[in-house]
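Analysis of the macromolecular model
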Amino acid sequence: FVKMKAFSGASAFKHTFGTEWSKSKSYYNLKCTSPGMHSIAANSKYFAVPWSKTGNFGVFPLDSPGKIHDDPPVFAAHQSSVLALDFNQHHEDLIATGARESIIKVWDVSQHSSDPVISLTGHTKRITGLKFHPSVDNTLTSFSGDHTVKIWDIASGTECISLEGFDTDLTFVEWNYDGTLISSAKDGNMRLFDPRAEIGPVITQMCHPGKKGFQIRWTDPLPDQSHFCTVGWQKDERKLSYWDIRNTEQAINSVSVGHSASFLLPFYDPGTGILFLVEKGKIIHYYEISEREPYIHFLDKFTMGTSALSATQMPQKIRDVRNCEVARLMVMGKDSVNTISFEVPRKVKTLFQEDIYPPSVSGEPSQDLESWLHGETLQPVLVDQRPEGFKSVYEVSTDEGGRSKIKDTAKRTGLTIEEAKLSVREDDPNQISYRTEGPLEVLEKGWVWNAYTSRYVKFYPEHIYLFKDEDDANASETITVNLIKNVVADDDVRMFSVSENNTTFAFRAENKEDRDEWIRSFEGCQEIANSEVVHVHDEYDSEEEEIDMPVFEGYIECLDHGYFYNSWKRSYFKISGGVLHRFSSESSDRSLEAIHMDKIISAHPASVDSKENTFKISTSNRTWTLSVENEETLTNWISTLETTRKILKRNQAEDGIFDDPVNSGIWEGNVEVKYGVFSWKKKKWVIAVGHEIMVYKNATAQAAEKTLVVSDIQDFDEEGNDEINIRTSDNSRATFTFEDQEQRDSLVGWYHETLVAKQSTLDILDEMSIDVQEIELSTRKLESRIIGNIDLHLLKKGQQPVLVRTLGRRRTKSIMVDPHVESLHSEGCFMLDLGNLIIQFNGKHSNRIARAKTLDVASKTRMKDRGGNAQLVQYNQGESCPVADKFWEALGGEIDVVERSDAVEEDSWPFVITLYRVFQGKLNLVHQGKKPSHETLHSNAVYIIKREGELWSWIGSKSATEDRKLSFLVVESLQRNIDGWTCWTKIFENGETILFKENFSDFPGGLLISVAQTPVSANVSTRRKQEPIDILAMHTGPTPQEKIYDDGTGKMQIWKVENFNKIPLPEMFYGHMWSSDSYLILYQYTVENKDKSLLYFWQGRDCSINEKGTSAYLTKEMDDLLGGKGKQIRVVERFEEIHFHIMFQNTTCIVHLGKFDENLWNENSMLFEIRQNINGTMSTIEVERKSTNLNSGSSFILVSSSIFIWHGMYSLPEVIESANSVGNHFHTLTGIEILDMHEGDETETFWSKLGGKKPYNQNEPVRIDGVRPKIFLTSNSTGAVEVTETFPFCQDSLDDRKAFIVDALSSIWIWFGTNSKTIEQKWAMDTAIKYLEESKYHSKSIDILVTRSFEEPPEFTSIFHGWNKNKFPRSQKNSNKTYSESAVSLLKDYTRDSYTYAELTTGQLPKGVDGTLKETYLSDEEFESVFKMTKEDYEKLPGWKRKNLKQEAGLY
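Quick caveat: nothing in here was measured; it's all calculated off a predicted structure. (Residues numbered from 1 in each chain as written. Predicted model: local features only at pLDDT ≥ 70, side-chain atom pairs only at ≥ 80, totals over all residues. Heavy atoms only, no water.)

Here we take up helix α11 (residues 961-976). Between its terminal C-alpha atoms α11 stretches 24 Å, which fits the 22 Å expected from 16 residues at 1.5 Å a residue. Among the 16 residues that make up α11, 13 are buried, leaving the element largely enclosed by the rest of the structure. (Helix = DSSP H or I, 4+ residues; strand = E, 2+ residues; numbered from the N terminus. Expected span 1.5 Å × (residues − 1). Buried < 20%, exposed > 50% of the residue type's maximum accessible area, 1.4 Å probe, protein only.)

See the structure below:
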């Protein structure tokens, strides 16, 4: 068995309570208004609110509470309502206001002037929010109803940055100190912006579905902010959720905040970690946010005396620390503003409670706007809040009301006591010092006499270990802390003893001071072990919480070595505190052996003595051979050992950066080994792991008889065919003779990979010939010296072109090349990035793989790097292109693109990525070879990526300025050794571009910030609990309302997209569309004496991707000509809006198959179906000219030698009228005579034109006022089956991967897509039956029928207007096979839960059987007969074994 344990934390704020200030200290008789949730602002001097008179706002001093004058002086700021206001925390007399007229004004309230200091214009719609930057001076952020976020320099009044790429109203924005900006919005999505990249959102994540909006706040201690909280609705329940910005797939935790409809306004204090939720009412909920589970800890609720309309949080610096006030809020009511104070109860208030008052934000800016815009990010200026003359609680004894800083640190952070000691000593050198490790002599018994031997002692929470030396992994002795009886000083000033049960250890230190310090350490460790702090009590009253350091334990068999033979012995092993212990049994307190986890080189599976599930743990001087009961336990142990080792390495490293130069490969095998020149060769077992080659007597030996460290090897002679000769630095020699060449080559490969890994730890700065004194130069000066600097800001603005080339045919790669025409060739594909225009140039001999790769890069660049705002156009060599002039102009002029003879060899070109790290003034080569993992990058460092002619600098958000400057010197040095063209791009963390991500193997492809910690398939959602299908909702779902702009009497112009241009469509064909084309329609009309323009771009269901893209581009271009005043509307065939049909009211909208042809009437025969749409409009769609496409509920027009107008016997009068109108229109165009006929009156000529009379749908359609046909998608993509309506619908709505329920009123069908799942099919049938049973308008006698894709009968296809087989597989297009079956009878097969082995393995699989789970349908008896085990035993097997058994049984 295996058990997992956890570590608990404690809260200093559990008993925080609130107090509402008395009326004498409040502000009343206010005439304030509340246009929104953020309607009050405050700082340490004033508070401000919008005033009752339109456009005014009032500012009132905090030191003058009481009744406000009836007519106080207010600021007449705007012509419309003040919607947003915010104080500048760096200059407290400055306040910014925004109003409905889209103007922002900044005021100096100390001047009492009617004129603003400055006005900011640039937004085109109402201002919905304002936010000053918390650490950058004179920097204001605004967001508006025009769906932009702008950053302003209020000193100069200029707009610095504008962020777009979203189409909804934001509800709040907040700055992070790393320079990113997070926002909440009405559409329920969180958006993260990197403003300095000047792109749209770099992350968009749905947090709270619905249209009610939500609020968002960063929730981490300063300055490291990577977590945030959101508060909003999920259905009818308010939810508070805690997220990690690095992985936003789902919230870390969510809690309910009740079912009230009131908004919740959040305020977070980074010093205390308390989050306040002010309800639009009388309740304030407050929680502590912690990095330990469950992350959101409820503290309490506070009830106010008056209802809140809005609220704001006061600055930290005004808190009353003498009375332990931890937060202060100002709450705005209908006519008053009240103050709410929150305090922590403490007995002694004459001391500064340092544990609850970490340094707070001073209110001073840490940098100016110019330096911030150029990439510098400085941390906020923090100040100590201790009042003058106050002592800290950590400076007095506990009897005087003091506290233990070590214990508080352990409780607050979750550190062990030893780690807390180190943390405290680093923070405060005046604290009492303790030893946590070091050399110490211990008295050891010998055969003749006893002697003191040097040992290395190391303290852990539960044990104290004695090692041979500091690098030793195996403790020679272990002292169990809670078994220590006493610690006694000897008369000798250097000696002392420690007694543990029946064992006494005698130690000798260097001197008396050293001895006394060791004694304090042993006594302190004993005291802590016997106190409550060993397992810190959880004051949240929650379950035990998991921490980073794993605790893992269980019984394992260990191979022990004896004098005569080896034996397997069962022992209890436990990983705790970074040490692997071996006990005789689970109940034993004394550790038999222990291994330091950070000294482990490898834990890997091994085959020993034919024993199953064995593995080895190797250190530098010993190997343990172990065996567990099954493969799953084996995997868990190896995984936990490796995880613990890495955690320890990371914790030991400074600033979290650690080098783990261990080659992940492991080599072991039998080899003949010879030492020196004169010894004999002997068979040995050799293990090469980490950076050591260890030689053992045999495969089961524990101790290595010789260890060769790679760094000590001076000569590694691999010239011989079956030998390797090794010479070390001490001139000792070893010869390895192998059984075969393959075995030898494998070890040689391991050695060279280890050398590469070892290089990452070496400082190679001296090899670069860099004058480090030059880092004194300015950043701008150093950057200016680098050749080919690609400025992303200029690139976005179109002022610096970038040309990207795609290499290869089988293994494609994208690299930047010289943006010049001479870089082009006809075998290549290229992407030219011009900021707002991206052009893909396809050489005439380029392959389709390269074209697809280039299109992928171009599309992602457009969507991710440009927020979807750039236009993407494809330019095929030799063809016309609307942007050809811009393409050639950017590259220096048009030339004849030549062929390249070396293009076919691109697959074999080397593609090596070299990664350097600059950290703390050192330069390391951390990777060279194939693409590295993005996890190599660390925020504290700067990284340089080199490949081909490209150089990139990745600037970590927490990297030092000196390291950044040094990295620029390294780039300059690297460029000197690059022949030919080179470029350099500077990338800031969180602003990674698509091309930058090409350098890494696993950078999350759709995101610009690395957020994925656990891989999640893009097509699989998180499994959800199965809920009952809401049948009532299926019946009562409303019909969405569409906007009608006018009555269709406006003016219209239509163009057809052709060869990347727009060609005017002859007016005689207005209203005609062809399904393989795209069209642009400019519709102009007048409403309330205002001229309006609509720009429709209609895309046929069969038109090419190029034409679809060109239609969007040309529409944008046309809108630009109109001054941006047109409304752009994309229309997809079969999903046209009601107004689109109204525009063609004279003839209806007529859709032809194929592409436009002016002469189409001359030789072709065409069949059109006229049908009434759900919105009441009429459509005419061409269908295949077959009699099977007729149906009695519609009218049809056959255009051939005559115009046959055919009316089904159940065709509606308005449909008949529309068909006659269309027929007359066709007559006008062609002059062909009209023959009108009704169903049953057809001539032989009519049938012959349709290929002969064949069965078609002659059923009478059911029409019910207020009830429409519907289709429902049945899907279990989320893990639970859901049935949702698809509206509007057409043939293209049927997804071949799913099952659908189709309600035609006169019949109900279930449609199975070819790749739909058995569970979806079953639920679709079951739901359809219940749907009919609960229906109030269906006849209970109608059939519920099942059909499947590509075999639909006419009764089904006639439900869909314009059904055709254009998109059918080629093998199915000419098939006349149809299928339909009763759902009631078929469902019986699906509900059968048992089949015989013969039924499952002979012939076609029974209906309803999941082919991936055939074995589950066997009876218990037959299952045991086939698999020779029970179903329970089978389920315990690992997946690969079950798979093999299924294959052997023919059930796979």
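A cluster of nonpolar residues, W447, V448 and W449, forms a patch on the protein surface that exposes about 560 Å² of accessible area. Checked against the element boundaries, W447 lands in the loop between β36 (437-444) and β37 (451-459). Of the residues examined, W447 reaches a relative accessible area of 92% and is grouped as exposed. (Patch = residues over 30% accessible without salt bridge, like charges linked within 9 Å, V, L, I, M, F, W, Y side chains within 5 Å. Areas by Shrake-Rupley, 256 points an atom, 1.4 Å probe, with all protein chains shown as cover. Salt bridge = Lys/Arg side-chain N within 4 Å of Asp/Glu carboxyl O.)

Before going further, it helps to spend a moment on the pairing of strand β31 (residues 336-343). A regular strand places its side chains so that they alternate between the two faces of the sheet. In terms of residue burial, β31 counts as a mostly covered element, since eight of its eight residues are buried. Side chains S336, N338, I340 and F342 of β31 all project onto a buried face; the interleaved residues V337, T339, S341 and E343 project onto the opposite face, where all are buried too. Bridge analysis of strand β2 (residues 17-20) against β31 gives four bridges, and the strand direction is antiparallel. By the bridge assignment for β31, F17 is matched with E343. Bridge analysis of strand β30 (residues 325-332) against β31 gives seven bridges, and the strand direction is antiparallel. Across the sheet, residue V331 finds its bridge partner in β31, namely N338. Hairpin connection, β30 to β31: the antiparallel pair is bridged by three residues. (Pairing = 2+ DSSP bridges.)

Note on placement: T409 falls in helix α2 (residues 405-413). Of the residues examined, T409 reaches a relative accessible area of 6% and is grouped as buried. Remark: the alpha-carbon pair of T409 and D355, spanning 54 residues in sequence, is separated by 8.6 Å.

With that settled, consider the nonpolar core. Of all hydrophobic cores here, the largest spans 38 residues; its most connected members are I1081, Y1096, F1140, F1144, I1197 and F1226. No other element matches the five residues that helix α17 (residues 1213-1230) contributes to this core. Core analysis: the second largest hydrophobic core is formed by 30 residues, V821, F830, L1080 and L1095 among them. (Core = buried A, V, L, I, M, F, W, Y, C linked by side-chain atoms within 4.5 Å.)

The next thing to look at is the packing of helix α19 (residues 1318-1333) against helix α22 (residues 1383-1390). When two helices pack together, their arrangement is captured by the angle between the axes and the distance separating the axes. Taken N-terminus to C-terminus, the directions of α19 and α22 make an angle of 140°; their axes are 10 Å apart at the nearest point. On the basis of the axis angle, α19 is oblique to α22. Two packed elements cross with a definite hand, and for α19 against α22 that hand is left-handed. Contacts from T1318, Q1321, K1322, M1325, D1326 and I1329 in α19 reach A1383, V1384, L1386, L1387 and Y1390 in α22. Taken together, the residues that form the contact of α19 with α22 break down as seven nonpolar, two polar and two charged. (Axes fitted to C-alpha atoms, helices over the stretch in contact; angles between N-to-C directions. Parallel < 35°, antiparallel > 145°, perpendicular 65-115°, else oblique. Left-handed = near helix turned anticlockwise from the far one by under 90°. Contact = heavy atoms within 4.5 Å. Nonpolar A, V, L, I, M, F, W, Y, C, P; charged D, E, K, R; others polar.)

As a further point, take the side chain of N1276. Looking at where N1276 falls in the secondary structure, it is placed in the loop between β80 (1270-1275) and β81 (1282-1285). You can call N1276 buried: its relative accessible area is 12%. In terms of polar contacts, N1276 uses its side chain to reach the side chain of K1317, at 3.3 Å. Apart from residues lying up to four places away in sequence, N1276 is in contact with V1281, K1317, I1319 and E1320. (Polar contact = N/O pair within 3.5 Å; in protein donor to acceptor, adjacent residues only side chain to side chain.)

Here we take up the sheet that holds strand β12 (residues 118-120). Taken together, four strands build an open sheet; the order of strands is β9-β10-β11-β12 and the sheet is antiparallel. A single partner strand is all that each edge strand has here, and the edge strands are β9 (82-87) and β12. Geometrically, the sheet is characterised by an average inter-axis angle of 20° between neighbouring strands, direction not taken into account.

With respect to the helices and strands, D63 occurs in the loop between β6 (56-61) and β7 (66-67). For D63 and Y46, which are 17 residues apart along the polypeptide, the C-alpha to C-alpha distance reads 8.3 Å. Within the structure, D63 has its side chain in polar contact with the side chain of S64 (distance 3.3 Å).

Before going further, it helps to examine α17. Over its 18 residues, α17 extends 26 Å from the first C-alpha to the last, a length consistent with the 26 Å expected when each residue adds 1.5 Å. Where α17 is concerned, the buried positions are V1215, S1218, A1219, V1222, G1223, H1225, F1226 and L1229. The buried residues of α17 all sit within an arc of 160° when viewed along its axis, so they share a single face. Projecting away from the buried face of α17 at angles above 90 degrees are the exposed residues P1213, E1217 and T1228. Following α17 by one or two positions, G1231 has its phi on the positive side, about 80°. (Arc of directions from axis to C-beta.)

What follows concerns the sheet that holds strand β4 (residues 41-42). Overall, antiparallel pairing links the four strands, which are arranged β4-β5-β6-β8 in an open sheet. Single-partner strands in this sheet number two, and they are β4 and β8 (75-76). Two elements, β6 and β8, share two bridges in a ladder whose sense is antiparallel. Looking at β8, one finds that F57 is bridged to F75.

It is worth spelling out the pattern of salt bridges at this point. Counted according to the given criterion, the structure contains 41 salt bridges. Between R1134 and E1133 there is a salt bridge; the shortest N-O distance is 3.1 Å. Assigned by exposure class, R1134 and E1133 land together as buried. Where salt bridges share partners, they join K512, R515 and D516 into one cluster.

Taken together, the side chains of K125, K1043, K1090, K1092 and K1127 define a basic patch exposed on the protein surface. With respect to the helices, strands and loops of the structure, K1090 is situated in strand β72 (residues 1090-1099). (Lys, Arg positive; Asp, Glu negative; His and termini not counted. Charge placed at Lys NZ, Arg CZ, Asp CG, Glu CD.)

To continue, consider the packing of aromatic side chains. The geometry of an aromatic ring pair is captured by the separation of the ring centres together with the interplanar angle, meaning the angle of the planes. In this structure the tally under the stated criterion is 67 aromatic pairs. Centroid distance F507 to F522: 5.6 Å. Interplanar angle 35°. Geometry classified as tilted. Of the two residues, F507 sits in strand β42 (residues 503-508) while F522 sits in helix α4 (residues 512-529), which places them 15 residues apart along the sequence. Taking the relative accessible area as the measure of exposure, F507 reaches 0% and is therefore buried. Judged by its relative accessible area of 0%, F522 falls in the buried class. Put simply, the rings of F1289, W1309, F1350, F1356, F1360, W1363 and F1368 touch in pairs and so form one group of aromatic residues. Of note, K25 hangs over the ring of W21, and the distance from its end group to the ring centre comes to 5.6 Å. (Phe/Tyr/Trp six-rings, centres within 6.5 Å; stacked < 30°, edge-to-face > 60°. Lys NZ or Arg CZ within 6 Å of the ring centre and 35° of its normal.)

Glancing now at a negative patch on the surface. Judged by side-chain charge, E1421, E1424, E1432, D1433 and E1435 come together as a negatively charged surface patch. Looking at the negative patch, the elements with two or more residues in it are α24 (1420-1427) and α25 (1431-1436). For the negative patch, the leading source of residues is α25, giving three residues. Checked against the element boundaries, E1424 lands in helix α24.

Take the confidence of the model for the chain next. Per-residue confidence for the chain gives a mean pLDDT of 82, with 89% of residues at or over 70. Contacts from residues 1-9, a stretch scored under 50 in pLDDT, to residues over four places away or in other chains number 38 contacts. Note on residues 425-431: pLDDT is under 50 here. Beyond four places in sequence and across chains, it has seven contacts. (pLDDT = per-residue confidence, 0-100.)

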